[in-house]
Amino acid sequence: MKSNRNLLYYYIYSITSAAILTRGIFLIYLQQKGLSIVEVSMYSVVYNICTAVSEVPTGYIGDRIGRKNSIITGTILLVCQAGLMVAAQEKVWLILLAGLEAVAYTFISGSDSALLYQMLASRKMEDQYLKINSRILAAQSAVMGGAIFIGAQLAQYSWNLPYLLTMLILIVAAGFMCRVKDLMPFAEREKSTGKLIKTLKDNILYRPLGMFLLFFIGISMIDGIACGYYNLNQLILESVGISVSAIGLFFSLSYIGNSFAYLAVSPLNQIFNRSRIIFLALITECLGFLWLSQVQNKGLFFVISLILCFVPEIIFTVVDSIIQEWIVERNRATMLSVMSLIRSLCSGVIYGIFGILLEIVTIEQFLIFLAVGFGVSAVSVLIVLRKSR
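Residues numbered from 1 in each chain as written. Predicted model: local features only at pLDDT ≥ 70, side-chain atom pairs only at ≥ 80, totals over all residues. Heavy atoms only, no water.

**Q** So what exactly am I meant to see when it comes to the layout of surface pockets here?
**A** Space left empty within the atom packing is revealed by a probe, the size of a water molecule, rolled over the atoms. In this structure, the largest pocket encloses a volume near 240 Å³. In this structure, the largest pocket is lined by 14 residues; those nearest its centre are Asp127, Tyr129, Leu130, Lys131 and Asn269. Listed by contribution, the elements that provide at least two residues to the lining of the largest pocket are helix H7 (129–155), helix H11 (244–271) and helix H13 (298–326). For the lining of the largest pocket, a count of residues per class yields three nonpolar, six polar and five charged. Reported here for the second largest pocket is a volume of approximately 160 Å³. Every residue lining the second largest pocket is listed: Val240, Leu292, Ser293, Val295, Gln296, Asn297, Lys298, Phe301, Ile363, Glu364 and Leu367. Those elements that provide at least two residues to the lining of the second largest pocket are H13 and helix H15 (363–385). Looking at which element gives the most residues to the lining of the second largest pocket, the answer is H15, with three residues. Tallied by class, the residues present in the lining of the second largest pocket amount to six nonpolar, three polar and two charged. (1 Å grid on protein atoms, 1.4 Å probe; cavity = no way out; pocket = protein on both sides within 12 Å on 5 of 7 lines; lining within 4 Å. Points joined across faces, edges and corners; volume = space filled by probe spheres on them. Helix = DSSP H or I, 4+ residues; strand = E, 2+ residues; numbered from the N terminus. Nonpolar A, V, L, I, M, F, W, Y, C, P; charged D, E, K, R; others polar.)

Set out below in structure tokens:
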């Protein structure tokens, strides 16, 4: 019964905390405060650098103080970051606030999926992780879609209002997470984290380890390309003449569409193995960007862009289920943070490159560059996944 309540509160927290009203407008918000495209891209560079620096320490803290407490800490830091975004006026402080946001999310990332896996393991339901996590992600994505649309509409009246309401929503979400009972006793946490991981080899089940690292470099590159493109879409869509309101609608629809992507993972896994799913998704992305680079019609550009934001969510959901099986339980949050560190390093470099490219090349050339990036990064991933089902 207690496990059922834990899952219920976890579900409510996950859905409530997804209602971030600023997610679809934050780059435009920064431009409204006077930042150039390069300065806006620096926000994301700072975000990724700070993520890389804080991933492992916060993951270790999550394993030590408890994953629940780590999530609560991150959520409260997000409340502070939203308030400071409204208060800050200087460009340098606006950019540096990316660091606070990054630290906040590193407290949450790793700990959230580790907590869910732990709750399912306590009920002997590990094999249901992919299915249950996909449903949670679908619900989150649908809520994000609605929140983004609402945030874009609110921004028409006040750019600060979405941030202020987001603060209130996150406080409520933190309250629900406080109701979750910690499944790992403090004594056990002391024992498990007293021997901090010295090597990846001690905590990674996949062999050979070199192939595992190759897999993660490829996934990190894909993550950097997909996420960089997704965020910069705010500027790309605006550059082709799409209004702020329509951009808000785009991101709203993309999150709603992503909810179907998450729900589609389990049925797809009944037809294809996980390697085949990832392969088909990567091919779709590569060809899709090549097609988008030749599109002139705004409506078609809008639709193809939605599809290209939809497909990567299938990839990352499948990859997450693979990763959960390849790491040991004892330091799960820490190991997920180490892996997120690798992804953040790649994302930071890639995002910085994207910001520079958008200043010196055309949108068509930039989209072709993305297609090539997906094709190259797919190679290292598929080498490993051909051995894994």
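**Q** Sorry, what's going on with H13 here?
**A** Side chains of residues three or four places apart in an α-helix project in the same direction, reflecting 3.6 residues per turn. The end-to-end C-alpha separation of H13 is 43 Å, in line with the 42 Å expected for 29 residues at 1.5 Å each. Burial of H13 is extensive: 22 of the 29 residues sit out of reach of the surface. Near the N-terminus of H13, the side chain that reaches the backbone nitrogen of glycine 299, with its oxygen 2.9 Å away, is that of asparagine 297. (Expected span 1.5 Å × (residues − 1). Buried < 20%, exposed > 50% of the residue type's maximum accessible area, 1.4 Å probe, protein only. Polar contact = N/O pair within 3.5 Å; in protein donor to acceptor, adjacent residues only side chain to side chain.)

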